[in-house]
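In case you want the letters, here they are:
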Amino acid sequence: MARLCKEMNSLFSEFVLKNLRLCGFHTVVDFLEENPENLVRITKLPYKDIVLLRHNIIANFSAFQSSGKTAYNEIVTNSAMVSTGIERLDALLGGGILTGNIYEVCGLSGSCKTQLCLTIAMNIALSLKQKVYYIDAKLDFSSRRIFSMLEEKQIAETDVTETLKRIEVVRIKDLYQLFSFLHTLRENLAQRELESSFVRVIILDSLPAVFFSFLNDTNNEGIALKSQLANTMKHIALECHVAFLLVNLASRHFDEIENLPDPDLTVSSVQTEVVKPALGKQWLHIPSTRLLLKKVESQVHVSIIKSINIPLCSSCILNIKDEGLV
Amino acid sequence: MFRPLCNLPLPRLLSSKLRELGFMYCDDVCIDRNGKPILDPIAEKVLRQWSDEPCTYWKELLATPATKNAFSHLQDECDLGRIETFCRSLDEYMDGGVPLQRITEFSGAPGSGKTQMCLQLCVDVQIPRAFCGLEGQAVFVDTCSGFTVSRLSEIAEACVNHCSMLARDGLNQNMLQAMKHFSKISILENVFHVLCLTHVDLMASIIYLKKFLSKHKQVRLIVIDSITFPLQTIDNSLQRVSLLYDLMENLRTIASEFDVAVVVTNNLTTKVETGKESSLIPALGESFGHSVNYRFLLGRMSDSNFVCVSGKNLNKSSVTVPFQITRSGIREVQNN
């Protein structure tokens, strides 16, 4: 809440608020930025009360500092390393998905991004018996695929049902619905934190599906919304101790590399193909770890292209099988 | 954490008005008073200019999409209707045909059977329930004037003949009853043709489809032949992608809301690589490939022999299926 209202403090009477609004002071920030003498004149409150109000507002709205040790203890006690259930991927990620972080899977279309997400969702629901949220923005979630993976693994029928029931799917139409869902989810997770509801991973498939319709926006609304989404996700990740796994698209670009002037060559530059993740440089600093997938026949090459704790360019190869990625 | 107002799909004028009055977050507009959410009187006054019932308007804005677990999704997916293509191996690969509520793309060079496939699906979607069909209607959004009624009636006639043969041989009363209303004319009557020449037409007609479909509840198939043509006239690539995603967003909403299958056709384009021979790939780039659920590439081998390669299918690995286009439409290749 940023707007001044009478619920904030008993000193904000109807009269005081009305006077403040008439002079263009609507929000907490407006109030704090103005010098107290002026506020005394406007609100007709004694100087002492204005100072009290300022202190009160600052105490209620400012962030608290905490020491590195507290932060460390907080992380040690609350974060979890969630195994993806794919041995080679776990080894690559240093044990699995660490809560409090945002992971991103990029790749060209048809490079098994959704396949990887489905496998991870299934593994977490099956072996760790945790609830997984799967946010589906382009109708790509397939229960049949998960069902056939489980069948291929020869899981008992009752366990199959239980596993499927642990995967919660939400279909969103646009970015705004995504925001609505995330905010509701945050409230739910915060409430259930005490009884440990075991939600550790939230999967979002996919980012371009919600963002690309903002691409050519003259007001740059997409950029603002992108930052807000990143902000919301980081907040939820840290506060509720969950990890986000996002799906992003990559596309081919042609970069011209200038060659040294060579009289024998008629071409002065060579075009090379580069595979770049979508959403631009702004999004680059949002995910803490970025995986690039490349499908080669029936294998998927996974390489780390950005990470805060894993050496770059390390990679692994996964096999595409009927039971998912192995 | 507060939700900023700019996270809501508000009209631009309304959001700037609210910002001027100092409303930054949803919690500013809707105040929690003793556990009961109440709209701020000033905000309510502003909202009233946009809607007669500000409370319901506000609730709709904040509505959270429902969650459903994968188990009930599995049941839904198994119950999903499918449109046969009349090519048995392709139907088997697709678990019974082109699925409703999903977007399927057919791409191929000119003359590779894309429009033929679309026309065939327009007929097949109408097969009566007695024959395990969907008994639906079809909307054909035509962007490059490729809709040929004479060809459609040829395919329709073949389909009607096939069904009446089945009914006669099986002496099935239900089937014979259904055949009374299933004729070439009824098939032609149940295909709605929309001609779009520019991308503006296309966008407008897709938005209008929502209204159209709420009146015509029987429609089970929307064909866009082709989606590439009107978009290729847009020079600015960013504008093209954003329009394309707008279109797809609308199509997805329509597909799941009205239980219809969406089939789009796409052209091919040349992919140039240094040091390699250039190859043909579906047009409109990676971003389009990302936004469809199923992708098939069609190609012509010889006179009436065609081939269909699956390029994207989450449930199964890629296959190549040969098929024929005969006078009666798409058919399985007969092995002699």
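Keep in mind it's a predicted model, so treat the numbers as computed, not measured. (Residues numbered from 1 in each chain as written. Chains lettered and ligands numbered in written order. Predicted model: local features only at pLDDT ≥ 70, side-chain atom pairs only at ≥ 80, totals over all residues. Heavy atoms only, no water.)

Undergrad: Could you give an account of a negative patch on the surface, with specific residues and numbers?
TA: On the surface, Glu-151, Glu-152, Glu-157 and Asp-322 of chain A cluster together into a patch of negative charge. With respect to the helices, strands and loops of the structure, Glu-157 of chain A is situated in helix 9 (residues 157–166). (Patch = residues over 30% accessible without salt bridge, like charges linked within 9 Å, V, L, I, M, F, W, Y side chains within 5 Å. Areas by Shrake-Rupley, 256 points an atom, 1.4 Å probe, with all protein chains shown as cover. Salt bridge = Lys/Arg side-chain N within 4 Å of Asp/Glu carboxyl O. Lys, Arg positive; Asp, Glu negative; His and termini not counted. Charge placed at Lys NZ, Arg CZ, Asp CG, Glu CD. Helix = DSSP H or I, 4+ residues; strand = E, 2+ residues; numbered from the N terminus.)

Undergrad: Help me get a handle on the domain arrangement of chain A, residues and values and all.
TA: We note that the domain assignment places domain 1 (14–61) and domain 2 (73–325) within chain A. One C-alpha centre belongs to domain 1 of chain A, the other to domain 2 of chain A, and the line joining them spans 46 Å. (Domains from an automatic or database assignment.)

Undergrad: Please give an account of the pairing of strand 10 (residues 261–266) of chain B that cites residues and values.
TA: Residues and elements named next belong to chain B. Summarising burial for strand 10: six of the six residues are buried, a large majority. Residue alternation in strand 10 divides its side chains into two sets, Ala-261, Val-263 and Thr-265 and Val-262, Val-264 and Asn-266, and both sets are buried. As paired elements, strand 6 (residues 103–108) and strand 10 share five bridges and run parallel to each other. Paired with Phe-106 across the two strands is Thr-265, which belongs to strand 10. (Buried < 20%, exposed > 50% of the residue type's maximum accessible area, 1.4 Å probe, protein only. Pairing = 2+ DSSP bridges.)

Undergrad: Hey, could you go over the packing of aromatic side chains for me, with residue numbers and the actual values?
TA: Evaluation of the coordinates by the stated rule reveals 13 aromatic pairs over all chains. Judged by centre distance (6.4 Å) and plane angle (80°), the ring pair of Tyr-93 of chain B and Phe-296 of chain B falls under edge-to-face. Residue Tyr-93 of chain B is found in helix 6 (residues 88–93), and its partner Phe-296 of chain B is found in strand 13 (residues 294–302); the two are separated by 203 residues along the sequence. We classify Phe-296 of chain B as buried; its relative accessible area is 2%. One aromatic cluster is present, formed by Tyr-93, Phe-106 and Phe-296 of chain B through successive ring pairs. When the ring centre of Phe-23 of chain B is taken as reference, the NZ or CZ atom of Arg-3 of chain A above it lies at 3.8 Å. (Phe/Tyr/Trp six-rings, centres within 6.5 Å; stacked < 30°, edge-to-face > 60°. Lys NZ or Arg CZ within 6 Å of the ring centre and 35° of its normal.)

Undergrad: Could you give an account of the domain arrangement of chain B, with specific residues and numbers?
TA: Domains assigned within chain B are domain 1 (5–62) and domain 2 (73–331). Using C-alpha coordinates to define each centre, domain 1 of chain B is positioned 43 Å away from domain 2 of chain B.

Undergrad: Mind laying out the UniProt feature "domain: RecA family profile" (unreviewed entry) in chain B, listing which residues take part and the relevant values?
TA: Cross-referencing UniProt, the feature "domain: RecA family profile" (unreviewed entry) maps to residues 79–269 of chain B in the present numbering. Overall, residues 79–269 of chain B shows 50% helix and 19% strand. The separation of its end C-alpha atoms is 37 Å. (UniProt positions renumbered as here; feature names shortened; annotations may be inferred.)

Undergrad: Give me the sheet that holds strand 10 of chain B: which residues, what numbers.
TA: Residue and element names in this part refer to chain B. If you walk across this open sheet you meet the nine strands as 8-7-9-10-6-13-14-15-16, and the pairing is mixed. Looking at the sheet topology across the chains shown, the edges are occupied by strand 8 (191–195) and strand 16 (329–332). Averaged over all neighbouring strand pairs, the angle between strand axes comes to 25°, with direction disregarded. On top of the sheet, helix 8 (residues 149–170) reaches strand 8, strand 15 (320–326) and strand 16; it is set at about 45° to strand 16, its chief contact. In the packing of helix 13 (residues 237–258) onto the sheet, contacts are made with strand 6, strand 9 (219–225) and strand 10, and the angle to strand 9 comes to roughly 160°. (Axes fitted to C-alpha atoms, helices over the stretch in contact; angles between N-to-C directions. Contact = heavy atoms within 4.5 Å.)

Undergrad: Explain a nonpolar patch on the surface to me, and be specific about the residues and the numbers.
TA: A contiguous nonpolar surface patch, about 340 Å² in accessible area, is contributed by Tyr-72, Ile-75 and Val-76 of chain A. Here Ile-75 of chain A lies in helix 5 (residues 68–78).

Undergrad: Talk me through the nonpolar core; I want residue IDs and the actual numbers.
TA: In terms of nonpolar packing, the biggest core is built from 48 residues, with Ile-83 and Leu-221 of chain B touching the most fellow members. The element contributing the most residues to this core is helix 8 of chain B, with seven residues. Apart from residues lying up to four places away in sequence, Leu-221 of chain B is in contact with Ile-83, Leu-121, Cys-122, Val-125, Gln-137, Ala-138, Val-139, Val-260, Ala-261 and Val-263 of chain B. Listed in part, the 45 residues of the second largest apolar core include Met-122, Ile-146, Ala-243 and Val-247 of chain A. (Core = buried A, V, L, I, M, F, W, Y, C linked by side-chain atoms within 4.5 Å.)

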